[in-house]
Each structure stands twice: as structure tokens, then as C-alpha cells.
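Each chain, written out:
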Amino acid sequence: MKFCKMNGCGNDYVFVYLPENPIDRLGELAKKVSDRHYGIGSDGLIVIDSGKEGDFRMRVFNADGSEAAMCGNAIRCAARWMRDEHKIDRDDFTFETRGGLRHVRVEPDSRPYTVRVEMGIPRFFGAPQGETAILTHYGAVSAVLVDVGNPHAVLFTDKICDGMMRLAEEVSQSDRFPDGINVEVASVESRDTIRMRVIERGSGETLACGTGATAVAFAAKQKGWIDRSATVVLKGGSLTISFEGDTAYMAGDANYNFRGEYQW
């Protein structure tokens, strides 16, 4: 199996182009390649195929083998890879995901190499304005539930610390979410800057999460804390989240790690 490993803000994935690699048992494969000691090492596996409604189809598998609906950092990397490999000759094109059709635009002359992604229309779920109390060992915790093609629970705080991350880990495993949920701990530093850390469903804490950054910015905007654009600072780098009408857009880097072959 030929693969390419890439990362967006340090959120790293193994990418496989399915038309040239007829593989199966994708969940099992994701667990093997994600292992950082016995595999390639990654936050998950991304499988790219030919699209029907869009130019390409992207499937996202977490490090534990479960399938996610969408990944903002992965789709930026997939866009760069498909463009660089001349699988498409346009800078604007689309990916089908389980979270919906996503439009991307690569900016090959930018430094660092930047890809802009249409993230769709975020929505609250679970309660009006998404405000929900979740019971933990530390007591009831207030979370904002946001759907960005996949589910997120945003915990706003004045200061991000390890204690808050332990709380986020517990929320991610709450019985309230039998299918799991991504959890962000976020601090709004100004009207154009938010800092966050994330526990990703099926992968644990990662250096970045594009859909998570979108969920955080959406929740902050709805509360009136930011304007129509903000920089979200993550452990692995920064993403720019902006809104045009109700639609969210994300812009960030897309980087190569290495290429190789894996026996499967």
C-alpha cells in the first residue's frame, strides 16, 4: 500500500488514494497504521476515492478504527495532495464527506501553503443555543453543543489547564453521548483571538482540530464574544475561522511529512 503522511497544524494522518490501492478492512487498517510504535504513527487514516457528487470522496478513520464524518485538518491536506499529484487541474474543487459536500480552494503560491475550506453551516443541538449541563465527577459542567458535520462539546473557560483537559476527557466519555463526542476547551482572549485544546473522539488529545476550531468560533460568535473572523490558536498552530452569512470557512496550512509503502 502506497501512502502519504501529512499534517495540518500538527494533526497528522496517513493518506491513501483508493483507486491506486485496492484495500479493505479500513477500520482495522486505521488502528494498525496509527500506532506510533508498531505502525506509521498518526491520528488516523484518510482514504480518498473518486467522487460521484463531488470531485473526490474522503473517508476519515480515527486512531481507534471508528469512522468520523469530517476532519477539517485532513481535508486541507487531501486537497493539497490531490492538486500536487495532478489528480485534478483546478485550484477550486469539492470533496464528498459523511458530513456533506465540502468546497476547497488551494493557494499554491502561499507560504505556508494554505487551503481554504467551506465548513458548511454550524448548528446547535441538544438544547436552545446548545447550552447543556453535563454531570461529571467534578459536578455539573456547562457545555455548548455544536454540530459541524460531526458533534462537538465546547467548554469555555478563563484559563486552559491540565485540570480542564481531564474534565474534557470525562465529558468525551459521558453516557450522555453513546457514540462519543469531540470536546474543546476554549478561552476567548480578544474579539479576534481564541485559544483552545481538544480531545478528539476516537483519538484522544490531538494538536489541532479544524471542525473543533469551527465549533468554538461559531459558539463564541453566537455569544457575541467575537466578530465575523477570528484566529483560533491550537497546540499545533493557528487556523483562521470566518463567517459569510451562516456559512463557516476555515483556512490553514497543509504540510507533508513523508511518503512510503506499508505492507497490508
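Residues numbered from 1 in each chain as written. Predicted model: local features only at pLDDT ≥ 70, side-chain atom pairs only at ≥ 80, totals over all residues. Heavy atoms only, no water.

Draft legend 1. Region of the structure containing helix α1 (residues 26-34). Within the span of α1, buried status applies to Leu26, Gly27, Leu29, Ala30, Val33 and Ser34. Angularly, the buried residues of α1 cover 160° about the axis, an arc narrow enough to put them on a single face. Those residues of α1 that are buried lie in contact with β2 (11-17), β3 (44-50) and β4 (56-62). (Buried < 20%, exposed > 50% of the residue type's maximum accessible area, 1.4 Å probe, protein only. Helix = DSSP H or I, 4+ residues; strand = E, 2+ residues; numbered from the N terminus. Arc of directions from axis to C-beta. Contact = heavy atoms within 4.5 Å.)

Draft legend 2. Molecular detail of the layout of surface pockets. One number sums up the size of the largest pocket: a volume of about 180 Å³. Breaking the lining of the largest pocket down by element, the ones donating at least two residues are β1 (2-8) and α2 (72-84). Take the lining of the largest pocket: its biggest share by element is three residues, from β1. The residue inventory of the lining of the largest pocket, partitioned by class, reads five nonpolar, one polar and five charged. (1 Å grid on protein atoms, 1.4 Å probe; cavity = no way out; pocket = protein on both sides within 12 Å on 5 of 7 lines; lining within 4 Å. Points joined across faces, edges and corners; volume = space filled by probe spheres on them. Nonpolar A, V, L, I, M, F, W, Y, C, P; charged D, E, K, R; others polar.)

Draft legend 3. Up close: the UniProt feature "binding site: substrate" (unreviewed entry) in the chain. In the numbering used here, UniProt assigns the feature "binding site: substrate" (unreviewed entry) to Asn11, Asn62, Gly72, Asn73, Asn150, Asn182, Glu200, Arg201, Gly210 and Thr211. Those annotated residues that line the largest cavity are Asn62, Gly72, Asn150, Asn182, Glu200, Arg201 and Thr211. Leaving out residues up to four positions away in the same chain, Glu200 has contacts with Asn11, Tyr13, Asn182, Thr206, Ala208 and Cys209. Positionally, Thr211 belongs in helix α4 (residues 210-222). Once residues within four sequence positions are removed from consideration, Thr211 is found in contact with Met70, Cys71, Gly72, Met119, Val148, Asn150 and His152. (UniProt positions renumbered as here; feature names shortened; annotations may be inferred.)

Draft legend 4. Representation of the packing of aromatic side chains in the model. One pass over the full model with this rule turns up seven aromatic pairs. Arranged with centres 5.9 Å apart and planes meeting at 75°, the rings of Phe56 and Phe93 form a pair that is edge-to-face. With Phe56 in strand β4 and Phe93 in strand β6 (residues 92-97), the pair connects residues that are 37 residues apart, well separated along the chain. When its relative accessible area of 4% is taken as the criterion, Phe56 is described as buried. Among the aromatic residues, ring-to-ring pairing joins Phe56, Phe93 and Phe95 into one connected group. Arg116 extends its terminal NZ or CZ atom over the ring of Tyr249, reaching a point 4.1 Å from the ring centre. Over the aromatic face of Phe243 sits the side chain of Lys221, whose NZ or CZ is 5.0 Å from the ring centroid. (Phe/Tyr/Trp six-rings, centres within 6.5 Å; stacked < 30°, edge-to-face > 60°. Lys NZ or Arg CZ within 6 Å of the ring centre and 35° of its normal.)

Draft legend 5. Up close: the nonpolar core. Membership of the largest hydrophobic core comes to 57 residues, with the highest contact counts inside it found for Phe15, Ile48, Met58 and Phe95. Other than its neighbours up to four places away in sequence, Phe15 contacts Lys2, Phe3, Cys4, Met6, Ile46, Ala74, Cys77, Ala78 and Trp81. In this structure, Val141, Ala143, Ala153 and Val183 belong to the second largest nonpolar core, which totals 17 residues. (Core = buried A, V, L, I, M, F, W, Y, C linked by side-chain atoms within 4.5 Å.)

Draft legend 6. Spotlight on unusual backbone geometry. For the bond from Arg111 to Pro112, the omega torsion is 0°, close enough to zero to count as cis. Residue position: Pro112 is located in the loop between β7 (100-107) and β8 (114-120). The phi dihedral of Cys9 is positive, around 55°, even though this residue is not glycine. Take Cys9: it is sitting in the loop between β1 and β2. In the Ramachandran plot, His86 falls in the positive-phi region, its phi being about 60° despite a non-glycine side chain. Along the chain, His86 turns up in the loop between α2 and β6.

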